[in-house]
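One-letter residues, chain by chain:
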Amino acid sequence: MSRVGLHFQKDLHGAAMSEKVTIKHEQEALQTVEMLTRQLDETRRDLARMSSFPGLNPAAIIEVDLTGRIHYYNPAAQKLFPDCSQENYKFPLLDDLLDIVAILDQETDFTHIRERKIGDTWFQQVLQRVPDNDRIRSFVIDITDRKRAEEVVRRQSDYLAALHETTLGVIG
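Cut-offs and rules
The written sequence of each chain sets the order in which its residues are numbered from 1. Owing to the predicted nature of the model, reporting of local features is limited to residues with pLDDT of at least 70; listing and counting of side-chain atom pairs is limited to 80 or more, with chain, interface and lining totals taken over all residues. Heavy atoms throughout the structure, all of them, feed into the side-chain values; hydrogens and water do not. Here a helix means four or more residues in a row that DSSP labels H or I, a strand means two or more in a row labelled E, and each is numbered from the N terminus. Residue exposure (1.4 Å probe, protein chains only): buried if accessible area is under 20% of the type maximum, exposed if over 50%, otherwise partly exposed. We define a polar contact as two N or O atoms separated by no more than 3.5 Å, with the added condition that, inside protein, one atom must be a possible hydrogen donor and the other a possible acceptor, whereas residues neighbouring each other in sequence contribute only through side-chain atom pairs. Any two residues whose heavy atoms approach within 4.5 Å are treated as being in contact. When DSSP finds two or more bridges between two strands, those strands count as paired. Any two rings among Phe, Tyr and Trp, with Trp reduced to its six-membered ring, count as a pair given centres within 6.5 Å; such a pair is stacked if its planes are under 30 degrees apart, edge-to-face if over 60, and tilted if neither. For a lysine, the NZ atom is tested; for an arginine, the CZ atom; a charge sits over a ring if that atom is within 6 Å of the ring centre and within 35 degrees of the ring normal.

K.L.:
Any chance you could explain the side chain of Gln125 here in plain terms?
P.N.:
Within the element layout of this structure, Gln125 appears in strand E4 (residues 121-130). Accessibility expressed as a relative area gives 0% for Gln125, which makes it buried. Within the structure, Gln125 has its side chain in polar contact with the backbone oxygen of Leu93 (distance 3.4 Å). Not counting chain neighbours up to four residues away, the residues in contact with Gln125 comprise Phe91, Leu93, Leu94, His112, Ile113, Arg114, Arg116, Ser138, Phe139 and Val140.

Below, the structure written as structure tokens:
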């Protein structure tokens, strides 16, 4: 075989080897893309599942920025505060927003629990500062029935204490 023919054969062999390496890299890249696609699909499913939790929560959840503008509310919040979907709605449990921010900034876990009465309704409110985006998340439940029951128990206790004192006075 001539020198040119030998050189040509080496070039063909080198090209074939290079082609095999390229195909192998492409196959590996394709496998990587397929694996990443599966992981992305799995992450999307997890995100969809996780994002349904606030909507299913029986407590009202409302998230506001530091100006009081509502950025999120779940169906329970819509039920408890029907006007919260209106633009420029001022959430009544956050009428003291600046005080809340100051309190939350002092808490080590950025969480504060309180009870507030609005009209005839009592609410328990768990407030959380979301530092990543300067928002306040408020979890709210109506505790009016519990407050009424506590009042009944307090009155009965006062009555029984007075009855006890009266009975001791009569006996003694």
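After presenting the structure, the write-up continues.
K.L.:
Help me understand the pairing of strand E5 (residues 135-142), please; the structure alone is not making it clear to me.
P.N.:
On any regular strand, side chains alternate: one points to one face of the sheet, the next to the other face. Sheet analysis places strand E1 (residues 60-65) next to E5, joined by six bridges and oriented antiparallel. Within the sheet, the bridge partner assigned to Asp65 lies in E5 and is Arg135. The pairing of E4 with E5 spans eight bridges and is classified as antiparallel. Bridge assignment links Gln124 to a residue of E5, and that residue is Ile141. Hairpin connection from E4 to E5: four residues lie between these consecutive antiparallel strands, with Asp134 at a positive phi of about 50°.

K.L.:
How do you make sense of unusual backbone geometry when you look at a structure like this?
P.N.:
Most peptide bonds take the trans form, and the phi angle of most residues other than glycine is negative. The phi dihedral of Phe110 falls on the positive side, at around 55°, and the residue is not glycine. Within the secondary structure layout, Phe110 lies in the loop between helix H3 (97-106) and strand E3 (111-118). Not every positive phi belongs to a glycine, and Asp134 is a case in point at roughly 50°.

K.L.:
What is the right way to look at the pairing of strand E2 (residues 70-73) in this model?
P.N.:
Of the strand pairs in this sheet, E1 and E2 are connected by three bridges, and their pairing is antiparallel. Note on E2: the bridge partner recorded for Val64 is Ile70. A loop of four residues connects E1 with E2, the two strands running antiparallel in sequence, and Gly68 in this loop sits at a positive phi of about 95°.

K.L.:
Would you take a moment to explain the packing of aromatic side chains for this structure?
P.N.:
Working definition: an aromatic ring pair is given by the centre-to-centre distance plus the angle between the planes. What the rule picks out here adds up to two aromatic pairs. Considering the side-chain rings of Phe81 and Phe91, the 4.9 Å spacing of their centres and the 85° angle between planes classify their relative orientation as edge-to-face. On the criterion of sequence distance, the pair formed by Phe81 in the loop between helix H2 (75-80) and H3 and Phe91 in the loop between H2 and H3 is long-range, its members being 10 residues apart. There is no split in this pair, since Phe81 and Phe91 are both buried. Here Phe81 and Phe123 contribute two aromatic rings whose centre-to-centre distance is 5.5 Å and whose plane-to-plane angle is 35°, an arrangement assigned as tilted. Taken together, the positions of Phe81 in the loop between H2 and H3 and Phe123 in strand E4 put the pair 42 residues apart, joining distant regions of the chain. Both residues of the pair, Phe81 and Phe123, belong to the buried class. Feature note: the residues Phe81, Phe91 and Phe123 constitute an aromatic cluster, connected by ring pairs. In this structure, Lys147 packs its charged tip against the face of Trp122, placed 4.6 Å from the ring centre.

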